Amino acid sequence: MRQFPLEALDTAPGRLVEWRLCSPDAPDGGDGPGAARRASFNQDKHFTAAEQSRDSADPVASWIAVTFELPGPLDHAALEKALLSFVRRHEVLRCAFRRLAGDLSCASYPPEGLTLQAAELGEFSTTQGVRDFLAERFRATIDTLAWPLFAMGAVVRESSTTVYLAFDHIVCDGVSMPNVVHDIAHAYSAALCGREPELPPTGSYLDFADTQRRRFLTLTAEDARLDHWRSYTERAGAFFPPFPLDLGVEPGRMYPIVNEACTLLDAGGAAAFDQECRDAGGKPFMGVMAALARSLREAGGPEIYRALMPVSERGDGPWRHAVGWFVNTMPIEFPVRPGAQLPDLLAEVKAAFAEMIRHVDVPFVRAWELLAPEHFAATSWPYPVNFFSYIDMRRSPGAAHHDVWRPTTHVWSSRANGACLWFQRDDEGLHMNVIHVDTPQARRTMTGLEEGLRRTVREIAGAGAVRGPAVATLATLGTLRQQAGTAPVGAGR
């Protein structure tokens, strides 16, 4: 499973069909199962930023999309049943958000009353036509302030179908996407056989959000649980760590985005890289972070690597298979000494990660509100200016079937003020998706960083382990760049 710009999606043309979620009922505002509850800290800030920026020249928005393949002629009734069961399964997808006495609350529509309304969107004869239409469709229809908060449809052909779903960030995170594919593909297969899908039990994100808010709403700026954030901010000089190389940006200004993706290592090279990291006493994701920190240092960056890192809050309990925004964002920092070798760097990363995890319970948005209120009041959601994410897709639900379903994810944001780097490990290798500000200096800086990082990971893996496809990118026919104002292509965390 890969993450890359929607413009790189290699899907055959066909007939587009879309399904819109409908309900004859109002969301439950009483004491029943769907009764209104407080939104999570992540959701509250995301919704507030959308509200405050709605009438500005830079409205804040972001979506996360997933596509996957269904082989064979499409059974429309079976797919409709699968999509409807998916929405009924995950309460957050049935929610509507509104202000109650100043607080953001969400109430869910009753699952039994939900229906799908199908609409034919037309026949497309080219892949580019499909890409352009979907990009504009997602941007036009997905609205943080309107229900439903996602779009779902399919590109139908005689012998196969590409299913697509795009979600406003308020109802999901990137780790939700494997769960989306797993649930719908399994439900579709079950419907073809006339049986109900056998899916693992799942909890509701609304329950998670309610528990988290009750636990941390009374937190104060002086609370000892904020000591990790406080000391980090004092050393860094800012709550949000700036990207350590020159991107040609003005402080506080949001910019259009550039979205690019590449493959750093092929399957053999990635396997060799993973083994080198383990032999040196660390995990593969630590090796990627160490390689990035060293590449930044060699490109003129500081001797201290500082970034924000997303950490999944799902665990192995009831939320492992849930859809929602189960991500906390934490600061991480460690020294990058000139000439440091992999074992030494990995030891620093390992220690920094262990220290970060000790304080992972405190929600990022709550820490931000208490320790940096002057930034928290800004109307723009300041997407972290130096952001590192790593996901091993081989461990995701349904990974054994990914060669048949061919799932891909795509992210989009309206604006940015730094750089976000996502790394994915799958059976085909190690991949990177980068979203950064669109300035001439940022283009030069990020091109140089990509080249340096590729050299570093190849060096770690061993020169003989990576050839040919290791330097191929998803943008081999031309760099995929996209400015806000045309077809959108990426963001999210």
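These numbers come from a predicted model, not from an experiment.

Turning next to the sheet that holds strand β5 (residues 95-100). One open sheet holds the three strands; their spatial order is β3-β6-β5, and the pairing between them is antiparallel. On the outer flanks of this sheet lie β3 (37-38) and β5, each paired with one strand and no other. Of the pairings in the sheet, the one linking β3 to strand β6 (residues 103-108) comprises two bridges and is antiparallel in character. Note on β6: the bridge partner recorded for Arg37 is Cys106. Along the sheet, helix α1 (residues 41-53) contacts β3, β5 and β6; its crossing angle with β5, the most-contacted strand, is approximately 75°.

For strand β2 (residues 15-22) and strand β7 (residues 115-123), the ladder comprises eight bridges, and the chain directions are antiparallel. Each residue of the ladder has a partner; that of Glu18, found in β7, is Ala119. Relative to strand β8 (residues 150-156), β2 is paired through five bridges, and the arrangement is antiparallel. Residue Leu16 lies in a different strand from β8, and its bridge partner there is Val155.

Let us now look at the pairing of strand β10 (residues 257-266). The buried count for β10 comes to ten of ten residues, which makes it a mostly enclosed element. Pairing between β10 and strand β16 (residues 429-437): nine bridges, direction antiparallel. Each bridged residue has a counterpart across the sheet, and for Val258 the counterpart in β16 is His436.

What follows concerns helix α7 (residues 267-279). Owing to its 3.6 residues per turn, the α-helix aligns residues three or four sequence positions apart on the same side. Look at α7: 18 Å from first C-alpha to last across 13 residues, which is about the 18 Å you get at 1.5 Å a residue. Of the positions making up α7, those classed as buried are Gly269, Ala270, Ala272, Phe273, Asp274 and Cys277. Elements in contact with the buried residues of α7: β10, α8 (284-298), α9 (342-358), β15 (419-426), β16 and α13 (440-461). Remark: Gly281 follows α7 within two positions and exhibits a positive phi of approximately 95°.

With that out of the way, let us pick up the sheet that holds β7. Ordered in space as β1-β14-β4-β9-β8-β2-β7, the seven strands form an open sheet in which the pairing is mixed. Edge positions in the sheet fall to β1 (2-3) and β7, since each has one partner strand and no second. Of the strands in this sheet, β4 (62-71), β9 (160-168) and β14 (408-413) touch helix α4 (residues 176-192), which is tilted by about 35° from β4.

Attention now goes to the UniProt feature "domain: Condensation" (unreviewed entry) in the protein chain. Per the UniProt annotation, the sites labelled "domain: Condensation" (unreviewed entry) are residues 61-366. As annotated, residues 61-366 comprises 38% helix and 25% strand, and the C-alpha atoms at either end are separated by 21 Å.

So, how was this worked out
- Residues numbered from 1 in each chain as written.
- Predicted model: local features only at pLDDT ≥ 70, side-chain atom pairs only at ≥ 80, totals over all residues.
- Heavy atoms only, no water.
- Pairing = 2+ DSSP bridges.
- Helix = DSSP H or I, 4+ residues; strand = E, 2+ residues; numbered from the N terminus.
- Contact = heavy atoms within 4.5 Å.
- Axes fitted to C-alpha atoms, helices over the stretch in contact; angles between N-to-C directions.
- Buried < 20%, exposed > 50% of the residue type's maximum accessible area, 1.4 Å probe, protein only.
- Expected span 1.5 Å × (residues − 1).
- UniProt positions renumbered as here; feature names shortened; annotations may be inferred.

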